[in-house]
Amino acid sequence: MTKYAVIGSNSFSGSSFVNHLCKKGHEVLGVSRSPELHPVFLPYKHQTHENFKFQQLDLNQNLKGITSALADFRPDFVVNFAAQGMVAESWKTPGDWFQTNTVATVKLHDELRKFDWLKRYVHISTPEVYGSCKGLINESHPFNPSTPYAVSRAAADMSLLSFIKAYNFPVVFTRAANVYGEHQQLYRIIPRTILYFLTNKRLQLHGGGTSIRSFIHIDDVCEGTQR
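Now for a quick tour of the structure.

Calculation rules
- Residues numbered from 1 in each chain as written.
- Predicted model: local features only at pLDDT ≥ 70, side-chain atom pairs only at ≥ 80, totals over all residues.
- Heavy atoms only, no water.
- Helix = DSSP H or I, 4+ residues; strand = E, 2+ residues; numbered from the N terminus.
- Rg over C-alpha atoms; globule rule 2.2 N^0.38 Å.
- Contact = heavy atoms within 4.5 Å.
- Areas by Shrake-Rupley, 256 points an atom, 1.4 Å probe, with all protein chains shown as cover.
- Pairing = 2+ DSSP bridges.
- Axes fitted to C-alpha atoms, helices over the stretch in contact; angles between N-to-C directions.
- Expected span 1.5 Å × (residues − 1).

### Some words on the overall build of the protein chain
Moving on, step 1. Helix and strand counts for the protein chain come out as 6 helices and 8 strands.
Moving on, step 2. Overall, the protein chain shows an N-to-C arrangement of helices and strands of β-α-β-β-α-β-α-β-α-β-β-α-β-α.
Moving on, step 3. Taken against the 2.2 N^0.38 rule, which gives 17 Å for 227 residues, the C-alpha radius of gyration of the protein chain at 18 Å falls within 12% of a compact globule.
Moving on, step 4. With the C-alpha coordinates aligned to their principal axes, the bounding extent of the protein chain is approximately 50 × 45 × 30 Å.
Moving on, step 5. Long-range contacts, defined here as pairs at least 24 residues apart, represent 72% of the contacts in the protein chain between residues at least 6 apart.
Moving on, step 6. Within the structure as shown, the protein chain displays about 13100 Å² of accessible surface, and the carbon and sulfur contribution to it stands at 51%.

Encoded structure:
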């Protein structure tokens, strides 16, 4: 049985990954700033998972508590989904996004690097760090963030790159885009589209509906993240 700590376990992707791990029989510690949500948003709540434990701890307020919980649990892998999301809203109070996505996150990384028993840290980032792109790009593509949200995430990613060089920190990055699936929040585009269709309402598309996007199912993201 492998031990995983999932930070941001109440998020859509985080809770789905917890469910994915529990189904495979792994021991999981979930950490999130909010209490566990209604089961409709937490897929792992639909079954009894004796190997799952949850602690409500805020990355901004309870770093010592998170560090202590991780030290007690001693996970083989730490997977961090925690971040202040929502691109458009980040323009209103950008400092809040930098506080969570950069300052608090870098402080967490500085504690994780001291855990010599940690096999791998998986940092869930975003393709927003690359800015507007066309066609296929690889991980060496230059960062070109264009929003406070994207800049705050890119800053944490770049800090981790320095940790690799300075401490040989065992980190890998994932940057999945346009993820969808069961238990997703209703304001996201696919569940929102389904809801509007069922209620016979007209859905407003931002940008005039000219954008072309590819979507990936959360089950595929979870499988890839574990690998």
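After presenting the structure, the write-up continues.
### Quick notes on the sheet that holds strand β3 (residues 52-56)
Moving on, step 1. Taking strand neighbours across the sheet as the criterion, the 6 strands line up as β3-β2-β1-β4-β5-β6 in an open arrangement whose pairing is parallel. Sheet topology places β3 and β6 (171-174) at the edges, where each strand pairs with a single neighbour. Ignoring which end each strand starts from, the neighbouring axes of this sheet average 15 degrees apart.
Moving on, step 2. Note that strand β4 (residues 77-80) and strand β5 (residues 120-124) share 4 bridges and pair parallel. Bridge pairing in β5 places N80 opposite H123.
Moving on, step 3. Strand contacts of helix α1 (residues 12-23): β1 (3-7), β2 (27-32), β3 and β4, with the helix running at about 165 degrees to β1, the strand carrying the most contacts.

### Some words on the side chain of H109
Moving on, step 1. Within the secondary structure, H109 sits in helix α3 (residues 94-112).
Moving on, step 2. With residues near it in sequence (within four places) discarded, H109 still touches Y121, H123, A156, L160, F163 and F169.

### Observations concerning the environment of L63
Moving on, step 1. By secondary structure assignment, the location of L63 is in helix α2 (residues 63-73).
Moving on, step 2. Each C-alpha atom of the pair L63 and F81 lies 15 Å from the other, and the pair is 18 residues apart in sequence.
Moving on, step 3. Among all residues touching L63, those that are not within four sequence positions of it are D58, K107, L108 and E111.

### Some thoughts on helix α4 (residues 148-167)
Moving on, step 1. Along its 20 residues, α4 runs 28 Å from first to last C-alpha, staying within 8% of the 28 Å computed at 1.5 Å per residue.
Moving on, step 2. Here the buried face of α4 lies against α3, β5 and β6.
Moving on, step 3. Two residues or fewer past α4, N168 is found with a positive phi of approximately 55 degrees.

Read these as layout, nothing more, since geometry by itself doesn't imply function.
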